Amino acid sequence: MSPQFINFLYFIGALCFILGIKGMTDPKTARLGNIIAAVGMLIAIIGTLLKKEIVSYEWIALGFIIGGIIGALIAIFIPLTRLPERIALSHAFGGLAASLVGIAKYYELGAEMGSVKIAAIGFEVLFGSMTFTGSMMAFGKLAEILPSPPITYKFQNQSNILIFMATIALWIYLIFNPAASHFFYIMVGLAFLVGILIVLPIGGADMPVVICLLNSYAGLAAAATGFVLENYILIVAGALDGGSGFILAILMSRAMNRSFANVLFGAFGAVTEESLKKQEEFYAGKVKSTTPEEVAYLLENARLVMIAPGYGLAVSQAQFVLGELAKVLKSKGIDVKFAIHPVAGRMPGHMNVLLAEAGVPYEDLLELEPSNALFPEADVAIVVGANDVVNPLAREDKASPIAGMPILDVDKARTVVVIKRSLAPGFAGVPNPLFIKENTLMLFADAKQALQEILNNIKGVVSRLH
Amino acid sequence: MGSILIGIYIFFLAAFLGYHLITRVPPLLHTPLMSLTNAISAISIVGAMVIAGMKHDLVTTILGTIAVLAASINVVGGYIITERTLRMFRGRGGGKK
């Protein structure tokens, strides 16, 4: 097939990608967008198979069949509560693919390359390798194979910056001396190391930002691959992915009122003994606890109930019980709305997917601002497995580590019920004055169990048994 | 050198277009957006296929095959998981979409 025709197919593919993302701007067109983007990918793959450089198909088929089966199995069977892990893994695979293509290209061409090409290959391999190991680390932390709190040691930031600078120095050296192959492989090794080191000091609840940044890096690596291969569909796709990840990362860090630098180097959320002791004094004797029966009574007599979910909801897999509770309340004529903080959960949009899975219509999932407009009218606000995103200290205490972070104003509701296993601090390691407010009731239990008991009470199951 | 310039040209136009599209995606759909862009960036499979199929030597073939494998996990998985999450989103009255 003529190269012009193949390039035309790539052009159609790129167009499909753009239309696919446009579809995602509205829930009504999102599924169509996904299909259009998939068609674009199919066209690009078919176009590539027609290239005359490809002389044998068995290795391609082998890789595609094994990878396709693995990808399909993960995508079909992973519980949606574990989506952040799946996304982290896929960034790792994306980074690995880009990095390997770059290494293979260098191995093939070596010293024949000009400075421009080696610069692009270096960039591709750098970002690809960093994304690979960084995402594997993020995956490990999310899956709790690795400890989720920040891992810190002395001179950590200094040594990380030094290693990163060394990697960049090798890249620059290679631009002028493309033939120095041992330096190329040292650079690859260092890039793998950098990926591990930069994610080590980042704690679990900062993962939304990290995942978005890794998403962005994976995209940039793909775009760099496009420069190496002089293939424009890769540049378009990489720019879209890189841009998307970057925008999401900005939205996430803005939702925490923190800078990238603070997220990446701040080792935020390292809990100290001292702070734990202070917490105990802070809460001593001021916490009012409640029972599922009492909460059920409160809910039945409410007109508007607002629910603020957090990562704890995903951990205890409580989304289905919560969805049913909302449905039962609605059938009794009580209005139920969900208040979703942008960084609730471990990735952007995490809570929305879980609640949608539990059958909550998307019109009832409110963003931060409409939620806060509605809280003063709510009779009951229920906080399920969230902590820092509902902490009034962010509004009131300028010295607090979460000062200025936009929060859900659950305390404006007439009564607040907090379902939480213990008074353990949230990720920021600060006490939460919400828990001792006079209109707050604490329900100490596992989220799923507590919600089930509330639901049973409302349905009258328990009262009939007694 | 010319093709690199065209590449930079395309990169910035696509990034600009992407910026305007992506800022219009509601937070409701941020998770499927991420899995979709992730599937799209698995377009590196195009490069990996050429390397795996060009029969240069064993090293490049193996590197290329592993790259095809890694990228196809995202190609196949990315679209399936996006469809799976999007199917969850229902409007009021149970109407699909």
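Just above sits the structure.
Residues take numbers from 1 onward in each chain, read along the sequence in its written order. Here the convention is simple: chains get letters from A, ligands get numbers from 1, in the order in which they are written. Given that this is a predicted model, residues contribute local features only at a pLDDT of at least 70 and side-chain atom pairs are listed and counted only at 80 or more, while totals for whole chains, interfaces and linings are drawn from all residues. Computation of side-chain values: all heavy atoms of the structure, hydrogens and water removed.

Caption draft 1: Structural context of the overall build of chain A. Runs of E in the DSSP output that reach at least two residues are strands. Runs of H or I that reach at least four are helices, and both are numbered from the N terminus. Looking only at helices and strands, chain A has 19 helices and six strands in total. Projecting the C-alpha coordinates of chain A onto the three principal axes gives extents of approximately 80 × 50 × 35 Å. Relative accessibility under 20% of the residue-type maximum defines a buried residue, over 50% an exposed one, and the middle range a partly exposed one, all with a 1.4 Å probe and only protein chains included. Within chain A, the fraction of its 466 residues that count as buried is 58%. For this analysis, residues touch if any pair of their heavy atoms sits within 4.5 Å. By sequence separation, contacts in chain A at least 24 residues apart represent 79% of the contacts at least 6 residues apart. Only the protein chains shown count as cover for residues, with accessible areas throughout obtained via the Shrake-Rupley method and a probe of 1.4 Å. Entry remark: accessible area of chain A is about 18600 Å², with carbon and sulfur atoms responsible for 65%. In this tally Asp and Glu are treated as negative and Lys and Arg as positive; neither His nor the chain ends contributes. To locate a charge, take NZ of a lysine, CZ of an arginine, CG of an aspartate or CD of a glutamate. Mean positive and mean negative side-chain charge positions of chain A (33 and 35 charges, respectively) differ by 1 Å.

Caption draft 2: Seen up close, the overall build of chain B. Secondary structure assignment for chain B yields four helices and zero strands. Counted from the first residue to the last, chain B has its helices and strands arranged as α-α-α-α. C-alpha atoms define the radius of gyration in this analysis, and the globule rule sets the expected value at 2.2 Å times the number of residues to the power 0.38. Taking 13 Å as the expected radius of gyration for a compact globule of 97 residues, we find that chain B reaches 18 Å, considerably beyond that expectation. Judged by the C-alpha coordinates and their principal axes, chain B covers about 60 × 30 × 15 Å. Every one of the 97 residues in chain B was classed for burial, and the buried ones make up 63%. For chain B, the share of sequence-separated contacts (at least 6 apart) that also reach a separation of at least 24 residues comes to 53%. Approximately 3600 Å² of chain B is accessible, and the part contributed by carbon and sulfur atoms is 72%.

Caption draft 3: How the structure looks around the pairing of strand S4 (residues 380-384) of chain A. All names here are of chain A. Among the five residues that make up S4, five are buried, leaving the element largely enclosed by the rest of the structure. Burial of S4 is two-sided: the residues Val380, Ile382 and Val384 facing one way and the residues Ala381 and Val383 facing the other way are all buried. Sheet topology note: the strand S1 (residues 304-309)/S4 ladder contains five bridges and is parallel. Paired with Ile307 across the two strands is Ile382, which belongs to S4. For two strands to pair, DSSP has to find at least two bridges joining them.

Caption draft 4: Layout of the interface of chain B and chain A. Each partner contributes residues to the interface: chain B has 84 residues there, and chain A has 101 residues. Defined here as a combined quantity, buried area equals the accessible surface (1.4 Å probe) lost by two parts on assembly, summed across both. Both faces considered, chain B and chain A share a buried interface measuring about 8400 Å² in area, 77% of it formed by carbon and sulfur atoms. Salt bridge, as used here: a side-chain nitrogen of Lys or Arg that lies within 4 Å of a carboxyl oxygen of Asp or Glu. Seen at the junction of chain B and chain A, the total is one salt bridge. Here a polar contact means two N or O atoms within 3.5 Å. Within protein one must be a hydrogen donor candidate and the other an acceptor candidate, and residues neighboring in sequence count only if both atoms are side-chain atoms. At the boundary of chain B with chain A, the tally comes to 20 residue pairs in polar contact (both at pLDDT 80 or more). Of all the secondary-structure elements, those providing two or more residues to the side of chain B that touches chain A are helix H1 (2-22), helix H2 (30-41), helix H3 (45-53) and helix H4 (58-88) of chain B. By residue number, the principal contributor to the side of chain B that touches chain A is H4(B), which donates 28 residues.

Caption draft 5: View of the packing of helix H6 (residues 156-176) of chain A against helix H7 (residues 181-199) of chain A. Residue and element names in this part refer to chain A. Here the axes come from fitting lines to C-alpha atoms, over the contacting stretch only for helices, and the angles between their N-to-C directions go from 0 to 180 degrees. For the pair H6 and H7, interaxial distance at closest approach is 9 Å and the crossing angle is 150°. Our classification of the angle between H6 and H7 gives roughly antiparallel. Read as a crossing pair, H6 and H7 show a hand that is left-handed. Side by side, H6 and H7 meet where Asn160, Ile163, Phe164, Ala166, Thr167, Leu170, Trp171, Tyr173 and Leu174 of the first sit next to Phe183, Phe184, Ile186, Met187, Leu190, Ala191, Leu193, Val194 and Leu197 of the second. The scheme is simple: roughly parallel for angles under 35 degrees, roughly antiparallel for over 145, roughly perpendicular for 65 to 115, oblique for anything else. Throughout, a crossing is termed right-handed when the near helix is turned clockwise from the far one, and left-handed when it is turned anticlockwise from it by less than a right angle.

Caption draft 6: Representation of a nonpolar patch on the surface in the model. All names here are of chain A. Residues Met1, Phe5, Phe8, Phe11, Leu15, Leu42, Ile46 and Leu50 make up a contiguous nonpolar surface patch of about 770 Å² in total accessible area. Sort the elements by how many residues they give to the nonpolar patch and helix H1 (residues 3-23) lands first, with four residues. Mapped onto the elements, Phe8 comes out in helix H1. Residues enter patches when their relative accessible area tops 30% and they take part in no salt bridge; the joining distance is 9 Å for like charges and 5 Å for the nonpolar side chains Val, Leu, Ile, Met, Phe, Trp and Tyr.

Caption draft 7: Inspection of the side chain of A:Thr131 at higher detail. All names here are of chain A. By secondary structure assignment, the location of Thr131 is in helix H5 (residues 115-142). We classify Thr131 as buried; its relative accessible area is 0%. Leaving out residues up to four positions away in the same chain, Thr131 has contacts with His91, Ala92, Gly95, Leu214, Tyr217 and Ala218.

Caption draft 8: Highlighting the nonpolar core. Buried Ala, Val, Leu, Ile, Met, Phe, Trp, Tyr and Cys residues that are joined via side-chain atoms within 4.5 Å together make up what is termed a nonpolar core. Counting 183 residues, the largest nonpolar core has A:Phe17, A:Leu299, A:Phe338 and A:Val410 as its most contacted members. In terms of residue count, the dominant contributor to this core is helix H4 (residues 83-109) of chain A (13 residues). Other than its neighbours up to four places away in sequence, A:Phe17 contacts A:Ala37, A:Gly40, A:Met41, A:Ile233, A:Ala237, A:Leu240, B:Ile40, B:Ile43 and B:Tyr79.

Caption draft 9: Main features of the packing of aromatic side chains. Residue and element names in this part refer to chain A. Working definition: a ring pair exists when centres of Phe, Tyr or Trp rings (six-membered ring for Trp) sit within 6.5 Å. Plane angles under 30 degrees give stacked, over 60 give edge-to-face, the rest tilted. If you walk through the whole model with that rule in mind, you get 11 aromatic pairs over all chains. Ring geometry for Phe123 and Phe127: centres 4.5 Å apart, planes at 25°, overall stacked. Linking Phe123 with Phe127, this pair stays in helix H5, spanning four residues, or about one helical turn. Residue classification places Phe123 among the partly exposed positions, given a relative accessible area of 26%. Relative to Trp171, the ring of Phe123 has its centre 6.4 Å away and its plane inclined at 55°; by these criteria the two rings are tilted. With Phe123 in helix H5 and Trp171 in helix H6, this pair connects stretches of sequence that are 48 residues apart. Here, a charge over a ring means that NZ of Lys or CZ of Arg falls within 6 Å of the ring centre while also lying within 35 degrees of the ring normal. Over the face of the ring belonging to Phe282 we find Lys286, whose NZ or CZ atom lies 5.8 Å from the ring centre.

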